[in-house]
Amino acid sequence: MKEVWKTIKDFDAYAVSNLGRVKRITSGPGAVVGRVLHPSQSFGYLRVCFIKQGKKVYRYVHVLVAKHFLPNPEKLPEVNHLGPKSDCRAHRLAWISTKNHALDVVRRKQRGDGVFFDKRRGTYRASVPDPAWPQHKIYLGSFSTKRKALAGRKEALA
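Residues numbered from 1 in each chain as written. Predicted model: local features only at pLDDT ≥ 70, side-chain atom pairs only at ≥ 80, totals over all residues. Heavy atoms only, no water.

Asker: Help me out: how do you make sense of the overall build of the chain in this one?
Answerer: From N to C terminus, the chain includes three helices and 11 strands. On C-alpha atoms alone, the chain measures out to a radius of gyration of 20 Å, which is more than a quarter above the 15 Å that the 2.2 N^0.38 rule sets for 158 residues. Oriented by its inertia axes, the alpha-carbon framework of the chain measures out at about 65 × 35 × 25 Å. Across the 158 residues that make up the chain, the buried fraction comes to 34%. Approximately 10,400 Å² of the chain is accessible, and the part contributed by carbon and sulfur atoms is 54%. A gap of 5 Å separates the mean positions of the 32 positive and 11 negative side-chain charges of the chain. (Helix = DSSP H or I, 4+ residues; strand = E, 2+ residues; numbered from the N terminus. Rg over C-alpha atoms; globule rule 2.2 N^0.38 Å. Buried < 20%, exposed > 50% of the residue type's maximum accessible area, 1.4 Å probe, protein only. Areas by Shrake-Rupley, 256 points an atom, 1.4 Å probe, with all protein chains shown as cover. Lys, Arg positive; Asp, Glu negative; His and termini not counted. Charge placed at Lys NZ, Arg CZ, Asp CG, Glu CD.)

Asker: What am I meant to see in the sheet that holds strand E5 (residues 45-52) here?
Answerer: What links the strands of a sheet is backbone hydrogen bonding, and the strands pair in either a parallel or an antiparallel sense. Pairing within the open sheet is antiparallel, and its three strands lie in the order E4-E5-E6. Both outer strands of the open sheet, strand E4 (40-42) and strand E6 (55-60), are each paired with one neighbouring strand and no more. Looking at each pair of strands side by side, their axes are set apart by 45 degrees on average, direction ignored. Both E5 and E6 contribute to a ladder of six bridges, which runs antiparallel. The residue of E6 that forms the bridge with Ile51 is Lys56. (Pairing = 2+ DSSP bridges. Axes fitted to C-alpha atoms, helices over the stretch in contact; angles between N-to-C directions.)

Asker: When you look at the pairing of strand E9 (residues 115-118) in this model, what are you seeing that I'm missing?
Answerer: Along any regular strand the residues' side chains alternate between the sheet's two faces. As paired strands, E9 and strand E10 (residues 123-130) are joined by four bridges and run antiparallel to one another. The residue of E10 that forms the bridge with Phe116 is Arg125. The hairpin turn running from E9 into E10, its antiparallel successor, is four residues long, and Gly122 in that turn takes a positive phi close to 70 degrees.

Asker: What should I look at first to understand the pattern of salt bridges in this one?
Answerer: If the charged atoms of two oppositely charged side chains come close together, the side chains can form a pair. Summed over the entire model, instances satisfying the criterion amount to four salt bridges. The salt bridge involving Arg89 is made with Asp87; its shortest N-O contact spans 2.8 Å. One network of salt bridges, in which partners are shared, links Asp87, Arg89 and Arg92. (Salt bridge = Lys/Arg side-chain N within 4 Å of Asp/Glu carboxyl O.)

Here it is, written out as structure tokens:
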């Protein structure tokens with residue numbers, strides 16, 4: 001795949017590529033033109049640091065790639081990885097709704113399995129994201145074993 005570079009909106013001294021890389025494209029104090037920035041990790045996502053008007057500004061690489069290389073006609077608010085979080089190539093990203101993103105996180109088990117042990121009651125409780133408000137949970141009830149709680153959760157997600 002051929003690497004294509006586009007100047008980053010709001011940070012015109014930098015460019016982003018369809019392969020998930022970011023580089024400096026203009027000279028400045030201490031800047032090397034053409035140097036590819038080394039991203040850091042934040043919660044497993046790659047991010048880069050820009051200097052704008054003497055201040056550090058951080059941006060996630062996958063969001064930069066999506067904004068510059070993926071059409072978003074439905075104006076969806078979030079970018080979903082179609083693989084590991086560290087893979088920021090354009091063909092491995094997709095625009096997605098907040099609701100579907102939360103459901104994808106659950107489906108891929110990126111934030112636990114949705115079951116926890118309630119010490120006070122001595123039972124396992126299962127939950128799923130609320131479709132209307134994905135940041136909130138709908139509790140499915142208490143179960144005597146973790147296996148039963150996982151089965152109840154799987155049924156609710158189907």
